[in-house]
Amino acid sequence: MTDLHEQNILILDFGSQTTQLIARRIREAKVYCEIHPFSLSIDRIRAMKPRGIVLSGGPSSVHDTDAPAVSPEIFNLSIPVLGICYGMQLISLIKGGKIERSDYREYGPAELSIHDTSDLFHGLATEPVRHQVWMSHGDRIQELPRGFISIAGSDSSPVAAMKHETLKIFGVQFHPEVVHTEIGVDVLSNFLFRVCGCSPTWDMHSFIESATEGIRRQAGTGRVICALSGGVDSTVTALLVNRAVGRQLTCVFVNNGLLRRNEAEVVLAFLEQLNLNVRYVDAADRFLALLSRVEDPEKKRKIIGREFIRIFEEEANKIGDVNFLAQGTLYPDVIESVSFKGPSATIKSHHNVGGLPEVMKLELIEPLRELFKDEVRKVGRELGMPDELIHRHPFPGPGLAIRILGDVTEERLRIVREADAIVLEEMKTSGWYRKTWQSFAVLLPIRTVGVMGDERTYDHVVAIRIVDSLDAMTADWTRLPAEILARISNRIINEVRGVNRVCYDISSKPPATIEWE
Ligand code: XMP
């Protein structure tokens, strides 16, 4: 945490699937927060001067050997603490309570009866009113630690929430961060505002001011380059850097020949409208030549990534004296690499610009490192990005090459491009585009038999992939109305020469991924 965030909440992560949700809810309440691994040292915590500490849930049992824990010192810092689920059990254990080991997990809705509304449950109805909350835990508290009292109960957990009688230490067995807990926002707000004394000052306007200041300080009079794709993250990054250091920034937009229909033109027009200093490089031939007869997905990704770096370096040399690289890294990427779970295994070689800083020895400027995707969109809106650009679906760096299974040729690019344009058009006219995370066409490496008029055909198959997701870490296929699917299929088969069959991908991530390669 930096001194730019005087009012901050520290979330210590014990590996719960919902830790990120805790952070989102706190930020929605306009309080800045950060997630760190549970093992953060007491000295670091002290130096961060958080206004409050949240101990997240987690999959372990406090009785496990090697169960993740915090130092008891954490309770001597005079900083309020809220333990959620595992976090609450840990507080109990450290403070001398008894935790009953359970052979089964209570998972799902439960009814909470509140018996104390002095702080955490301020303003909420007490018994006999029952509030619906979401539980997900194995162990439960059998005996409260000394100095603690129960402030709410449920049928299966007599101590569903507790607090210390004099110190600001609280625990809840349920998950206030999930939407199924109706009183979740109230509980978190009470903790933030009543217990920790925060004020709701974190918003995108103040973020823009402090980020601009931070970039100015970091870049000084140095030259910055930024690889622009026209996606939300890179464009917002460029806009912030542009706001901070103006013409010291040069953006490079590389057309790798693997873009969607009219994409280069549309994106360039937008960037011009935003007043960014952009160098356009048409390198389609170079990429297509290198991809000739390459079928292996990882090879495709590596070739595209390497060539991108080469071109980017060439451009940087032309500009001369470049010191910084601006990159649109978001908070979920940062958490992924520092969290409890550690860096996740590489499933695909993502983020094709990842190798740039090492190769080019440039210092990174990453103004979005603290933000979630929805926050980035808000910043974009504040900085004048048109709605159409803000709500564009993500598009991978290797582009259509990883949506053409097998060899990437001009002809196969034509097919996937035309099919893709139809999918996007129909999604937009039906109003479904904004409701989904991504929608696109994939060209399969097989042909199937069909009949057109009186003729037998033997043509290509296109798969349609449309998914709902919050952050691309998990995704589910969109339950699109059958009429829209029918329209997409009819139009592709009628309008795209060489296609006689359309399939809809009904796999979730995991175990599938969003892209096919
Ligand atoms: P997967 O296929 O792993 O994709 O479920 C998750 C999200 O990441 C996008 N994606 C990429 N983005 N460079 C990118 O910038 C890449 O190499 C890349 N590969 C996948 C994908 O479109 C989805 O939104």
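Since the model is a prediction, treat every value here as computed from it, not as a measurement.

Reading the values: rules and limits
Residues numbered from 1 in each chain as written. Predicted model: local features only at pLDDT ≥ 70, side-chain atom pairs only at ≥ 80, totals over all residues. Heavy atoms only, no water. Helix = DSSP H or I, 4+ residues; strand = E, 2+ residues; numbered from the N terminus. Buried < 20%, exposed > 50% of the residue type's maximum accessible area, 1.4 Å probe, protein only. Contact = heavy atoms within 4.5 Å. Polar contact = N/O pair within 3.5 Å; in protein donor to acceptor, adjacent residues only side chain to side chain. Pairing = 2+ DSSP bridges. Core = buried A, V, L, I, M, F, W, Y, C linked by side-chain atoms within 4.5 Å. Domains from an automatic or database assignment.

*Asks:* Help me understand the environment of Glu209 in this model?
*Replies:* Turning to its location among the elements, Glu209 is positioned in helix 5 (residues 204–219). For Glu209, a relative accessible area of 39% translates into the label partly exposed. Spatially, the C-alpha atoms of Glu209 and Ala244 are 9.4 Å apart, while their sequence positions differ by 35 residues.

*Asks:* Sorry, what's going on with the environment of His115 here?
*Replies:* Tracing the backbone through its elements, the reader meets His115 in the loop between strand 6 (106–114) and strand 7 (130–137). Remark: the alpha-carbon pair of His115 and Ala463, spanning 348 residues in sequence, is separated by 55 Å. Not counting chain neighbours up to four residues away, the residues in contact with His115 comprise Glu127, Ser150, Ile151, Ala152 and Gly153. In this structure the side chain of His115 is engaged in a polar contact, spanning 3.4 Å, whose partner is the backbone nitrogen of Ala152.

*Asks:* I keep staring at the pairing of strand 9 (residues 148–153) and nothing clicks. Help me out?
*Replies:* The side chains of a regular strand alternate, first on one face of the sheet and then on the other. Note: strand 6 against strand 9, two bridges, orientation antiparallel. Considered in strand 9, the bridge of Ile114 is made with Ala152. Here four bridges tie strand 9 to strand 10 (residues 161–164), and the two strands are oriented antiparallel to one another. Within strand 10, the residue paired with Ser150 across the bridge is Met162.

*Asks:* I keep staring at the nonpolar core and nothing clicks. Help me out?
*Replies:* One recurring pattern in soluble globular proteins: nonpolar side chains tend to sit buried together. Ranked by size, the top nonpolar core spans 48 residues in total, and within it Ile225, Val462, Ile464 and Ile492 carry the most contacts. The element that contributes the greatest number of residues to this core is helix 14 (residues 410–429), accounting for eight residues. Shared between two domains, this core holds at least three residues of each, these being domain 2 (204–390) and domain 3 (403–504). In contact with Val462, not counting residues within four places along its chain, are Ile415, Ala419, Ala441, Val442, Leu443, Ile492, Val499, Arg501, Val502 and Cys503. Ranked by size, the runner-up nonpolar core spans 41 residues in total, among them Ala219, Val245, Leu330 and Val379.

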